[in-house]
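These are the residues of each chain, in order.
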Amino acid sequence: MSFGKMQTVIEIYSANTTKDSEGFVTQENQLLIKTRAYKEDRNGSEAWKNRASFSSATSLFRFRKIFQIDITTDLMIICNDDKYNILSVQDIMERGMYVEILAERIMSSKG
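These notes cover the structure that comes with them. Model, not experiment: these values are computed from the prediction.

**Thoughts on the environment of Asn80**
And step 1. Tracing the backbone through its elements, the reader meets Asn80 in the loop between strand S4 (75-79) and strand S5 (82-91).
And step 2. By relative accessible area, which is 59% here, Asn80 ends up exposed.

What follows is the structure, given as structure tokens:
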């Protein structure tokens, strides 16, 4: 993976829920990292056909691993004002250099 292909800026957030003194629950997103990534949307290629087990995945993200942060399926990606749920996290070639994420785009029920 070269830097030339990592042209999309993504932000990875963790969702924190807090309860106020009156018992109301609020959800607050905390920015963990902002980095450049390679993004590929779902298409009819042979590689996407092989990912049939993740049929709800709409996008693939690849970026350099950030060693201070453990990327899990509990986190969320925001890219170009679109939100994505992380479905799968994989270390590419198990070298600890790059992370590959399969994610599902969250469709808003408004407008």
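**Observations concerning the environment of Asp81**
And step 1. Mapped onto the fold, Asp81 is located in the loop between S4 and S5.
And step 2. With a relative accessible area of 79%, Asp81 lands in the exposed category.
And step 3. With 71 residues separating them along the chain, Asp81 and Ile10 place their C-alpha atoms 9.7 Å apart.

**Structural notes on the sheet that holds S5**
Sheets are built from strands that pair by backbone hydrogen bonding, the pairs being arranged parallel or antiparallel.
And step 1. Reading around the barrel, the 6 strands line up as S1-S2-S3-S6-S5-S4 and close back on themselves, with antiparallel pairing between neighbours. The average angle at which neighbouring strand axes cross in this sheet is 45°, direction not considered.

**Some details on the pattern of salt bridges**
And step 1. Tallying each qualifying case throughout the model produces 4 salt bridges.
And step 2. Among the salt bridges present, the one from Lys39 reaches Asp41, with a minimum N-O distance of 3.4 Å.
And step 3. For Arg105, the salt bridge identified is with Asp82, shortest N-O distance 3.4 Å. Taken as a pair, Arg105 in strand S6 (residues 98-106) and Asp82 in strand S5 lie far apart in primary sequence, 23 residues in all.
And step 4. Relative accessible area serves as the criterion here: at 22%, Asp82 is assigned to the partly exposed category.

Quick notes on the rules
- Residues numbered from 1 in each chain as written.
- Predicted model: local features only at pLDDT ≥ 70, side-chain atom pairs only at ≥ 80, totals over all residues.
- Heavy atoms only, no water.
- Helix = DSSP H or I, 4+ residues; strand = E, 2+ residues; numbered from the N terminus.
- Buried < 20%, exposed > 50% of the residue type's maximum accessible area, 1.4 Å probe, protein only.
- Pairing = 2+ DSSP bridges.
- Axes fitted to C-alpha atoms, helices over the stretch in contact; angles between N-to-C directions.
- Salt bridge = Lys/Arg side-chain N within 4 Å of Asp/Glu carboxyl O.

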